[in-house]
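Here is how the chains run, residue by residue.
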Amino acid sequence: MSLIPASMSSAIADRAKIFGTLETLVIGAAGGLLFLWLNLPGGLISGAMAAVGIAALAGRPVTMPPILTQTVLVLLGITLGSLVSRQLIQHMSAYPLTIGLLALATFCSTFGSSFYLQRFHGWDQTSALLAGSPGALSQIVILAAEKGADVAGIAVVQTVRVIILTAALPLLLALTGIGPSASPTFTTAIASPAGLAGLIAASVAVALMLRLVSFPASWMFGAMIASSVLHGTGMIEGGLPPWMRGVALVGIGALIGTRFARVKKSTLLSHINAALGSFAIAIIISALFVTVIVLATNVRFADVVVAFAPGAMDAMLALALTLHIDPIFVGAHHLSRFVFVSITTPGIVHLFGRPQEDVDD
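The model shown is predicted, which means the values in this text are computed figures rather than measured ones.

Undergrad: What is the right way to read the overall build of the protein chain from this model?
TA: Within the protein chain, the regular secondary structure consists of 15 helices and zero strands. Counting every position in the protein chain, which comprises 361 residues, the buried fraction comes to 52%. The long-range share in the protein chain, meaning contacts at least 24 apart out of those at least 6 apart in sequence, stands at 79%.

As structure tokens, then:
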């Protein structure tokens with residue numbers, strides 16, 4: 001029998017969560033500002049992610065509560081929508097071709113990574129297929145648990161992929177001279193107080209409507225849709241203040257970093273080689289498709305790279321924001337990948353994974 005009353009235990013737990021959240025935000029802000037000061041590309045996101053990830057691996061209780069995560073995603077969506085212009089819509093004619101190639105790239109990447117994990121690391125078919133499937137981590141983990149797959153290994157492979165992409169893509173684009181070498185300076189004017197209130201209210205309203213119909217990444221895409229319409233029609237001019245945009249970018253980086261808090265160091269070390277190898281296979285396959293698209297269309301290389309990067313939607317759209325990459329193009333492709341993975345993965349696992357009776361034995 002516990003000597004501590006239930007109400008007191010609950011209060012202590014709540015206080016621990018609050019302090020853990022505050023610590024996460026302070027660490028993320030410090031890392032983001034450090035990377036920004038060092039003039040590193042995507043500094044706010046990469047710095048926050050690296051700092052929080054290191055703290056998580058060191059055993060610190062880093063956490064991001066749902067209400068804070070939702071706020072960050074809404075702010076990100078509003079900012080992305082405020083960048084929409086007629087110039088950004090000029091490549092929409094190429095979408096059917098590139099989205100079709102993205103679906104094929106996702107299919108090839110899944111089976112290529114799966115083959116590598118089975119051949120070189122001895123993974124079973126189901127776990128390898130789920131680990132090789134890019135994006136939709138929440139759905140993949142749920143399906144893995146239902147099928148009796150290696151949930152921990154899958155989580156490590158998926159998490160490492162997102163971490164590397166978020167850190168490496170800005171550096172790659174900067175080193176090749178295709179992307180800016182540092183976080184760009186936003187030229188978007190700040191909306192009036194009334195406009196800002198209307199923008200936030202509309203964004204939250206659309207996000208809630210999308211959430212009711214189980215639309216993927218509803219908080220971010222709902223805010224992005226509302227902001228895009230309001231700015232595209234000229235109903236509202238200007239966007240969020242710079243400090244709010246900074247909060248959104250640091251928040252996304254910190255959120256990615258907290259993923260390591262759910263992974264034990266022993267689990268991470270035991271699967272790191274598998275994660276790096278499968279990541280390399282996925283990148284090679286994606287690079288082949290990116291090359292075809294760049295040669296066959298007039299879409300910018302940087303846009304295609306971020307759109308085809310097999311990472312999380314929120315992280316890739318945040319990178320699009322910091323690198324001045326077309327948010328409509330990137331958003332449409334990552335949403336398409338999410339839908340494709342969510343719909344096809346259960347069928348792929350059923351056809352090519354271990355039979356259910358083998359899992360239950």
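Undergrad: Please clarify how the packing of aromatic side chains should be interpreted in this entry.
TA: For any pair of aromatic rings, the description rests on two quantities: the centre-to-centre distance and the angle between the ring planes. Going through the model one piece at a time under the given rule, you end up with two aromatic pairs. Centroid distance phenylalanine 107 to phenylalanine 111: 4.8 Å. Interplanar angle 45°. Geometry classified as tilted. A residue pair is termed a helical-turn pair when its members lie 3 or 4 positions apart in one helix, as phenylalanine 107 and phenylalanine 111 do in helix α4 (residues 95–121) at four residues. Above the plane of the ring of phenylalanine 120 lies arginine 119, whose end atom (NZ or CZ) is 5.5 Å from the centre.

Undergrad: Looking at this structure, how should I read the nonpolar core?
TA: Where a protein is soluble and globular, its nonpolar side chains tend to be buried together. Counting 95 residues, the largest nonpolar core has Leu76, Trp123, Leu130, Ile154, Phe308, Met316 and Ile325 as the members making the most contacts within it. The greatest single-element share of this core, amounting to nine residues, is contributed by helix α7 (residues 151–175). Apart from the residues within four sequence positions on either side, methionine 316 is in contact with Leu165, Thr166, Leu169, Val306, Ala309, Gly311, Val330 and His334.

Undergrad: When you look at helix α9 (residues 218–232) in this model, what are you seeing that I'm missing?
TA: Residues lying three or four places apart along an α-helix face the same way, a consequence of the helix completing one turn every 3.6 residues. The end-to-end C-alpha separation of α9 is 20 Å, in line with the 21 Å expected for 15 residues at 1.5 Å each. Along α9, the residues classified as buried are Ser218, Trp219, Met220, Phe221, Gly222, Ala223, Met224, Ala226, Ser227, Ser228, Leu230 and His231.

Undergrad: Just to check I follow, could you spell out the pattern of salt bridges for this structure?
TA: Opposite charge on two side chains lets them pair, provided their charged atoms get close. Counting across every chain of the model gives two salt bridges. With a closest N to O distance of 2.7 Å, arginine 60 and glutamate 23 form a salt bridge. Taken as a pair, arginine 60 in the loop between α2 (43–57) and α3 (66–82) and glutamate 23 in helix α1 (residues 6–37) lie far apart in primary sequence, 37 residues in all. On the basis of relative accessible area, arginine 60 is assigned to the partly exposed category, the value being 42%. The exposure class of glutamate 23 is partly exposed, given its relative accessible area of 21%.

Undergrad: When you look at the confidence of the model for the protein chain in this model, what are you seeing that I'm missing?
TA: Detailed reading of the predicted model is not advised wherever pLDDT is low. Counting all residues, the mean pLDDT for the protein chain is 81, and 86% of those residues have values of 70 or more. Across residues 180–187, where pLDDT falls below 50, the model places 23 contacts with residues more than four positions away in sequence or in other chains. Ignoring residues within four places in sequence, the model shows residues 356–361, a span with pLDDT below 50, making five contacts including any to other chains.

Undergrad: Any chance you could explain a nonpolar patch on the surface here in plain terms?
TA: Together, Ile18, Phe19, Leu22 and Leu25 give the surface a local cluster of nonpolar side chains, amounting to about 390 Å² of exposed area. Relative to the assigned elements, leucine 25 resides in helix α1.

Undergrad: Just to check I follow, could you spell out the side chain of arginine 337 for this structure?
TA: Mapped onto the elements of the fold, arginine 337 is located in helix α14 (residues 327–352). The class of arginine 337 is buried, set by a relative accessible area of 4%. A polar contact of 3.1 Å, which involves the side chain of arginine 337, links it to the backbone oxygen of phenylalanine 308. Setting aside residues up to four positions removed in sequence, arginine 337 forms contacts with Leu102, Thr106, Pro134, Ala307, Phe308, Ala309 and Pro310.

Scoring rules and cut-offs
Residues numbered from 1 in each chain as written. Predicted model: local features only at pLDDT ≥ 70, side-chain atom pairs only at ≥ 80, totals over all residues. Heavy atoms only, no water. Helix = DSSP H or I, 4+ residues; strand = E, 2+ residues; numbered from the N terminus. Buried < 20%, exposed > 50% of the residue type's maximum accessible area, 1.4 Å probe, protein only. Contact = heavy atoms within 4.5 Å. Phe/Tyr/Trp six-rings, centres within 6.5 Å; stacked < 30°, edge-to-face > 60°. Lys NZ or Arg CZ within 6 Å of the ring centre and 35° of its normal. Core = buried A, V, L, I, M, F, W, Y, C linked by side-chain atoms within 4.5 Å. Expected span 1.5 Å × (residues − 1). Salt bridge = Lys/Arg side-chain N within 4 Å of Asp/Glu carboxyl O. pLDDT = per-residue confidence, 0-100. Patch = residues over 30% accessible without salt bridge, like charges linked within 9 Å, V, L, I, M, F, W, Y side chains within 5 Å. Areas by Shrake-Rupley, 256 points an atom, 1.4 Å probe, with all protein chains shown as cover. Polar contact = N/O pair within 3.5 Å; in protein donor to acceptor, adjacent residues only side chain to side chain.

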